[in-house]
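Listed here are the chains, written in short residue letters.
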Amino acid sequence: MSVYTDLTGKKSKLAVVGLGYVGLPLALEFARKIPVIGFDVNPKKVELMRNGIDPSKEVEPEKFKGVDIVFTSDLDLLKEASFFIVAVPTPVDKYNVPDLKPLLAASATIGAVLKKGDYVVYESTTYPGCTEEDCLPVLEQQSGLKMGVDFSLGYSPERINPGDKKNTLRSVVKVVSGNNAAALDEVAKVYELVVDAGVHRASSIKVAEASKIVENTQRDMNIALMNELSLIFDRIGINTYEVLEAAGTKWNFLKFYPGLVGGHCIGVDPYYLTHKAASLGYQSRVIAASRYINDDMAKHLARKIIKYVLRQSDNPRVLVMGVTFKENVSDIRNSKITDTVAELRAFNIDVDIVDPYAVSEEVSHEYELALSEAPTGLYDAVVVTVPHAPYTNLDDNYFAAITKQHGVIVDLKGIYRSKIHSRPYWSL
Ligand SMILES: NC(=O)c1ccc[n+]([C@@H]2O[C@H](COP(=O)([O-])OP(=O)(O)OC[C@H]3O[C@@H](n4cnc5c(N)ncnc54)[C@H](O)[C@@H]3O)[C@@H](O)[C@H]2O)c1
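What you see is a predicted model; the values in this text were computed from it and never measured.

1. Quick word on the domain arrangement of the protein
In terms of domains, the protein is made up of domain 1 (3-203) and domain 2 (222-427). Computed over C-alpha atoms only, the centres of domain 1 and domain 2 are separated by 34 Å. Listed as interface residues are 14 residues of domain 1 and, on the opposing side, 15 residues of domain 2. Residues that form the side of domain 1 that touches domain 2 fall into these classes: eight nonpolar, five polar and one charged.

So this is what it looks like as structure tokens:
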């Protein structure tokens, strides 16, 4: 008998620990095939999910129907599981040092219910070595069991992209790994239940961990290059998007664009890698420089706006359209535009913020910022941060109606390039 046959024969259950952007869709996909326990420490979230509501608003209510799942915060229920998947947050602290508290707490939780023959697979993004060197000791100590003898370990990075309906859990190849060949095979079979695109068997847990962190580090560095180009082209007086459009006609030119790098992945994960490198005596240069450039863009933007509006007006007013870290999602984690807002306010500039997706209470709780219902009066600058769907069709008339004659349209993502004629216009 194997854990796979136990699960598919409905003799045991799969538990997902941490039901956020990653854990909930994963738990619901598995629950179409096998019995699932959805475990989260936040009882308010658990209550919403019991009522078919995704607190992150990513999963449609229909996905909660016809599935075999129990949502709980009760440790006792976890005892029924034999295959545990961990999808808790892996943030950094205020010094950009990895904060493993949720990961270690989840490991202790699982360690307390772990039995012989069980599997624990981590999905949280982390540095190579974390699963075996940081999490495993907690599992072994709490359970009194030995990995490789009593239970098996795995790592399978998540590639979910909130807001993206095309590249989903089912349609994207999933990297899987295990502590030995038999464990890898079992982990692969379990994931194949829900990933139509199939799995990629990584040669080790560390390789699988590294593969994920490299995906996001590569994106961070490519965006940093575009941001640096934008700083240079701004001084030269040419539009970066026009340059990229021209350069993009070459067959091997990679399509990346400048922008604020926020969220919980691209702006965070490279710090996990540089932290690990530093612990091994290597100080990263290229990765750290990219982080620095991307993190400084919010202040660069603020400086540009401040210089402009203070020359135009005694009591300047700025409108920020979009506070989420990317388009068409409600996720405001590490929203870099809030750094720009803080800098503008430090110069006594009045700032209004609107966003059709962000939740007012969350913005107020996280950043102590109030969301306005709609623009009011005339502004000296309007900053459009992300191409939210309701923003993409706005035109020159719309912006003319909400700005003073000198009001500048700051279009970070170049959505309105060559469409704004009656007002000054910038993009990154
Ligand atoms: N969101 C993404 O797009 C994405 C993509 C790929 C990888 N990841 C990675 O996946 C992991 C999870 O990210 P997320 O965006 O789903 O996070 P999230 O904040 O949306 O959800 C995490 C959930 O874990 C719960 N939790 C925290 N500590 C817990 C504990 N000890 N026991 C049980 N539950 C606990 C929280 O209450 C929350 O509901 C992170 O490592 C992240 O970097 C995220």
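Having seen the model, we can carry on.
2. Regarding unusual backbone geometry
Note: most residues except glycine have negative phi, and most peptide bonds are trans. Positive phi is not limited to glycine here, since Lys10 has a value of about 60°. Unusually for a residue other than glycine, Lys57 sits at a positive phi of about 60°. Residue Lys57 is classed as partly exposed on the basis of its C-beta count, with 13 C-beta atoms lying within 10 Å.

3. Examining the environment of Gly163
Here Gly163 lies in the loop between β6 (152-155) and β7 (174-178). Among the residues examined, Gly163 registers 14 C-beta atoms within 10 Å and is labelled partly exposed.

4. So, the site of the ligand
Near the ligand you find 29 residues, and of these Gly18, Gly20, Tyr21, Val22 and Ser124 are the closest. Sorting elements by how many residues they give to the shell around the ligand places helix α5 (residues 101-111) first, with four residues. Of the residues belonging to the shell around the ligand, the class tally is 15 nonpolar, ten polar and four charged.

5. A closer look at the environment of Glu245
Inspection of the secondary structure assignment puts Glu245 in helix α9 (residues 240-247). C-beta crowding within 10 Å serves as the criterion here: with 13 such atoms nearby, Glu245 is assigned to the partly exposed category. Between the C-alpha atoms of Glu245 and Lys255, which are ten residues apart in sequence, the distance is 9.0 Å.

6. A look at the sheet that holds strand β3 (residues 69-72)
The strand order across the open sheet formed by eight strands is β3-β2-β1-β4-β5-β6-β7-β8, and the pairing between neighbours is mixed. Of all strands in the sheet, those bounded by a partner on one side alone are β3 and β8 (199-201). Sheet twist, expressed as the mean angle between neighbouring strand axes with direction ignored, is 25°. In the sheet, β6 pairs with β7 via two bridges, with the strands oriented antiparallel.

7. Notes on the packing of α5 against helix α6 (residues 130-143)
Direction vectors running N to C along α5 and α6 enclose 30°, while the axes themselves pass 8 Å from each other. The orientation of α5 relative to α6 falls into the category roughly parallel. For the pair α5 and α6, the crossing hand works out as right-handed. Two secondary-structure elements touch here, α5 through Leu103, Leu104, Ser107, Ala108, Ile110 and Gly111 and α6 through Asp134, Cys135, Val138, Leu139, Gln141, Gln142 and Ser143. Taken together, the residues of the contact of α5 with α6 break down into seven nonpolar, five polar and one charged.

8. Digging into the nonpolar core
Of all hydrophobic cores here, the largest spans 112 residues; its most connected members are Val17 and Val318. Looking at which element gives the most residues to this core, the answer is helix α11 (residues 286-312), with eight residues. Residue assignment places this core across two domains, with domain 1 (3-203) and domain 2 (222-427) each supplying three or more.

9. Re the sheet that holds strand β10 (residues 350-354)
With parallel pairing, the five strands of this open sheet are ordered in space as β10-β9-β11-β12-β13. Because the sheet does not close on itself, it has two edges, and the strands there are β10 and β13 (425-427). Between one strand axis and the next, the sheet turns through 20° on average, direction left out of account. Summarising the sheet, strand β9 (residues 317-321) and strand β11 (residues 379-384) pair through four bridges and their orientation is parallel. Within the sheet, the bridge partner assigned to Val318 lies in β11 and is Ala381. In this fold α11 packs onto β9, β11 and β12 (403-411), with an angle of close to 160° to the strand it touches most, β11.

What counts as what
- Sequence order as written defines the numbering, with residues in each chain counted from 1.
- The predicted nature of this model means local features are confined to residues of pLDDT at least 70 and side-chain atom pairs, given and counted, to a pLDDT of 80 or more, with totals for whole chains, interfaces and linings taken over all residues.
- Domains are outlined according to an automatic or database domain assignment.
- The contact rule is simple: place each C-beta atom from the backbone, and if two of them lie within 7 Å, those residues are in contact.
- Amino acid classes used here: Ala, Val, Leu, Ile, Met, Phe, Trp, Tyr, Cys and Pro are nonpolar; Asp, Glu, Lys and Arg are charged; the rest, including Gly, are polar.
- Residues with at least 20 other C-beta atoms within 10 Å of their own are called buried, those with 12 or fewer are called exposed, and the rest are partly exposed. The C-beta atoms themselves are positioned from the backbone.
- A run of H or I in DSSP counts as a helix once it spans at least four residues, and a run of E counts as a strand once it spans at least two, with each numbered from the N terminus.
- Placing the C-beta atom from the backbone, one calls a residue near a molecule or strand if that atom lies within 6 Å of it.
- If DSSP finds at least two bridges between two strands, the strands pair.
- Axis lines are fitted to C-alpha atoms, over the contacting stretch for helices. Their N-to-C directions set the angle, which ranges from 0 to 180 degrees.
- Any angle from 65 to 115 degrees is called roughly perpendicular, while one under 35 is roughly parallel, one over 145 is roughly antiparallel, and all others are oblique.
- Note: crossing handedness is left-handed where the near helix turns anticlockwise from the far helix by less than a right angle, and right-handed where it turns clockwise.
- The term nonpolar core refers to a set of buried Ala, Val, Leu, Ile, Met, Phe, Trp, Tyr and Cys residues connected through C-beta atoms within 7 Å.

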